[in-house]
Amino acid sequence: MKNLKAILQRAPARTMLAGALAALALAGPAAAQDKPKAEVMHWWTSGGEAAALKVFADQYTKAGGVWVDAAIAGGEQARAAMVNRIVGGNPPTAAQFNTGKQFDDLVGQNLLNPLDQAAEAGQWKSFLPPAFIEAASRDGHFYAEPVNVHGQNWAFYSKEVLDKVGVSAPPTNWDEFFAAMDKIKAAGLIPIAQGGQPWQEHITFATVLLATSKEAYEQTYVKQDPAVVSTPGFKQAADVFGKMRSYVDPGSPGRNWNDATALLITGKAGVQFMGDWAKGEFKAAGKQPDKDYYCQVGLKGDQLIIGGDVFVFPKTSDEGQLKAQALLASTLLAPDTQLLFNIQKGSMPVRKDVDATKFDACAQKGMKLLADPAHQVAVVDMVIAADLKGALDDVVTKFWNDKGETAETFTTQFGEALKAAK
Ligand code: BGC
């Protein structure tokens, strides 16, 4: 229950209303009464996300179902609303979570339907990456359906801005990086377009940590070893992250990730550290990789943080809902759905039998790394529980937003948060 509480506590109070509002959406058109009706809760509300979500809705409709959309902006708010609905006995047909541990307590409380039948019918084990099978299963049973692979440690650069300041390619070490940021600053533009929410600041920190030392990244998130904070790798990452604070504009706190992407799209800012869902925004704005923007995995392009999205199917014995869940489960992973959805979403398919040539240049880079386990690490949410993730978010965000805080204080507090979870 600790994790459910962590999820609920991190969302603003208005989320409580969201559950009730989403419930209203259940009243669908009378003419569609006999069709399997799926109310699907998710947080895909940006332009690119909505375009991707539409693929799911259209494919489900084509397969004979009725899609009832229940979108709630913001991952934390959405997850809290979903948990409220599920725990409160008024669950949606399906709900989005990140691939990993966020739904641990829902499984523990017996609030989700196992998906073994759907997994067997769709032969999920024949194509899902082993790490994703593990992340979606508990005690050998599937409880979640992975729908994509999102690379989480991308650096997106505005080509217009780099061209303007005479930088011909994305930097590949921290000295080059800060030299480029200085030039952008001197030109009166925003060097780093940072979205101002704890989870976004943590993405930037995790990206910096991995780019600085893979060993330190794994010791931090996979082993959750408090001693990591005394290693040179962690310390250097803390210094770099701390230094980045002076390259961010005053509008950053509270900013949505897609508004940060918009700063790149409109040529106002140089770089954004974000998952590849940001690519969906470039796509929706008609922008192309290498022509309008650069996409670089971390600093050197050699290590990809992998994660993604799953849908869980809350427990129900209602025949109609069970039918809707089964139809939804087979639709989301169908090869044609995977192709169309992931192209819009900016993510990579979770199936290997999807035509990779249809994806853009950034996805090609990601898929190359995805094919080799030596070039990838798991995203934070896949390896640590929701309550520890929340505690680390707090430490990261405090450092990021308090320019007076030293890297030493940050590393001490990060170590203490890891220790407290032991
Ligand atoms: C999800 C993405 C989503 C992003 C921003 C992430 O947690 O995995 O699918 O696009 O949040 O909303």
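Residues numbered from 1 in each chain as written. Predicted model: local features only at pLDDT ≥ 70, side-chain atom pairs only at ≥ 80, totals over all residues. Heavy atoms only, no water.

## A look at the sheet that holds strand S13 (residues 309-312)
For sheets, the rule is that strands pair by backbone hydrogen bonds, running either parallel or antiparallel.
Then step 1. Sheet architecture is open: 5 strands sit in the order S2-S1-S3-S13-S6, paired in mixed fashion. What marks the edges here is a single partner per strand, and that holds for strand S2 (66-71) and strand S6 (145-146).
Then step 2. Here strand S3 (residues 94-98) runs beside S13; their pairing, made up of 4 bridges, is antiparallel. Residue pairing in the sheet places Asn 98 in a bridge with Asp 309 of S13.
Then step 3. Of the strands in this sheet, strand S1 (37-42), S2 and S13 are in contact with helix H3 (residues 47-62), which crosses S2 at around 155 degrees. (Pairing = 2+ DSSP bridges. Helix = DSSP H or I, 4+ residues; strand = E, 2+ residues; numbered from the N terminus. Contact = heavy atoms within 4.5 Å. Axes fitted to C-alpha atoms, helices over the stretch in contact; angles between N-to-C directions.)

## Regarding the nonpolar core
Then step 1. Core analysis: the largest hydrophobic core is formed by 137 residues, its most contacted members being Phe 177, Phe 205, Tyr 221, Met 244 and Phe 414.
Then step 2. It is helix H19 (residues 386-401) that contributes the most residues to this core, 7 residues altogether.
Then step 3. Residue assignment places this core across two domains, with domain 1 (4-149 + 309-370) and domain 2 (151-306 + 372-420) each supplying three or more.
Then step 4. Discounting chain neighbours no more than four positions away, the residues touching Phe 177 are Tyr 157, Pro 171, Ile 192, Met 244, Val 271 and Phe 273. (Core = buried A, V, L, I, M, F, W, Y, C linked by side-chain atoms within 4.5 Å. Buried < 20%, exposed > 50% of the residue type's maximum accessible area, 1.4 Å probe, protein only. Domains from an automatic or database assignment.)

## Side note on the pattern of salt bridges
Side-chain pairing between opposite charges can occur once the charged atoms of the two side chains come close.
Then step 1. Enumeration over the complete set of coordinates arrives at 12 salt bridges.
Then step 2. Glu 39 is the salt-bridge partner of Arg 85, the closest N and O atoms lying 2.7 Å from each other. Here Arg 85 is found in helix H4 (residues 75-87), whereas its partner Glu 39 is found in strand S1, with 46 residues between them in sequence.
Then step 3. Notably, a salt bridge pairs Glu 160 with Lys 164, separated by 3.9 Å at the nearest N-O pair. On the criterion of helical spacing, the pair formed by Glu 160 and Lys 164 is a turn pair, its members being 4 residues apart in helix H8 (residues 159-164).
Then step 4. In this structure Glu 160 comes out as partly exposed when scored by relative accessible area, which is 43%.
Then step 5. Overall, the relative accessible area of 54% leaves Lys 164 in the exposed class. (Salt bridge = Lys/Arg side-chain N within 4 Å of Asp/Glu carboxyl O.)

## Description of H4
Then step 1. The terminal C-alpha atoms of H4 lie 18 Å apart, and with 13 residues this matches the ideal 18 Å at 1.5 Å per residue to within 8%.
Then step 2. Within H4, 11 of the 13 residues are buried, leaving the element largely enclosed by the surrounding structure.
Then step 3. For H4, the complete set of buried residues consists of Gly 75, Glu 76, Gln 77, Ala 78, Arg 79, Ala 80, Ala 81, Met 82, Val 83, Arg 85 and Ile 86.
Then step 4. With its phi angle positive at about 85 degrees, Gly 89 sits one or two positions after the end of H4. (Expected span 1.5 Å × (residues − 1).)

## Quick notes on the domain arrangement of the protein chain
Then step 1. Partitioning the protein chain into domains gives domain 1 (4-149 + 309-370) and domain 2 (151-306 + 372-420).
Then step 2. If you look at the interface, domain 1 gives 32 residues, while domain 2 gives 36 residues.
Then step 3. Taken together, the two surfaces of domain 1 and domain 2 that pack against each other cover about 2,500 Å², and 61% of this comes from carbon and sulfur.
Then step 4. Looking at the side of domain 1 facing domain 2, the largest losses of area belong to Arg 10, Cys 362 and Leu 369, adding up to 26% of the total buried there.
Then step 5. Applying the counting rule to domain 1 against domain 2 returns 1 salt bridge.
Then step 6. One salt bridge connects Asp 360 with Lys 279, and the closest N-O pair in it is separated by 3.3 Å.
Then step 7. The interface formed by domain 1 and domain 2 contains 10 residue pairs in polar contact (both at pLDDT 80 or more).
Then step 8. Where the side of domain 1 that touches domain 2 is concerned, the elements lending two or more residues are helix H1 (2-9), H3, helix H7 (130-136), helix H16 (335-345) and helix H17 (361-370).
Then step 9. Among the elements that line the side of domain 1 that touches domain 2, the one with the most residues is H17, at 8 residues. (Buried area = accessible area lost by both parts, 1.4 Å probe. Polar contact = N/O pair within 3.5 Å; in protein donor to acceptor, adjacent residues only side chain to side chain.)

## Let's talk about the state of the cysteines
Then step 1. Within the structure shown, the criterion is met by 1 disulfide.
Then step 2. The partner cysteine of Cys 295 in its disulfide is Cys 362, sulfur to sulfur 2.2 Å. Looking down the S-S bond of the Cys 295 and Cys 362 bridge, the torsion is -100 degrees, so its handedness is left-handed. You can see Cys 295 sitting in strand S11 (residues 293-297) and its partner Cys 362 sitting in helix H17, a full 67 residues away along the chain. Across the pair, exposure class does not vary: Cys 295 and Cys 362 are buried alike. (Disulfide = S-S within 2.5 Å.)

## Some points on the packing of helix H9 (residues 174-186) against helix H12 (residues 232-244)
Then step 1. Where H9 meets H12, the axes come as close as 12 Å, and the angle between the chain directions of the two elements is 5 degrees. Taken together, H9 and H12 sit at an angle that is classed as roughly parallel. For the pair H9 and H12, the contacting residues are Trp 174, Phe 177 and Phe 178 in the first and Gln 236, Val 240, Lys 243 and Met 244 in the second.
Then step 2. Classifying every residue of the contact of H9 with H12 by side-chain character gives 5 nonpolar, 1 polar and 1 charged. (Parallel < 35°, antiparallel > 145°, perpendicular 65-115°, else oblique. Nonpolar A, V, L, I, M, F, W, Y, C, P; charged D, E, K, R; others polar.)

## Examining unusual backbone geometry
Then step 1. Of note in this structure, Gln 123 is not a glycine but carries a positive phi near 50 degrees.
Then step 2. Mapped onto the elements, Gln 123 comes out in the loop between helix H6 (116-121) and H7.
Then step 3. Look at Gln 123 and you get exposed, because its relative accessible area is 54%.
Then step 4. A positive phi angle is found at Asp 290, which is not glycine, with a value near 70 degrees.
Then step 5. With respect to the element layout, Asp 290 can be found in the loop between helix H14 (278-284) and S11.
Then step 6. Taking relative accessible area as the criterion, Asp 290 reaches 40% and is therefore assigned partly exposed.

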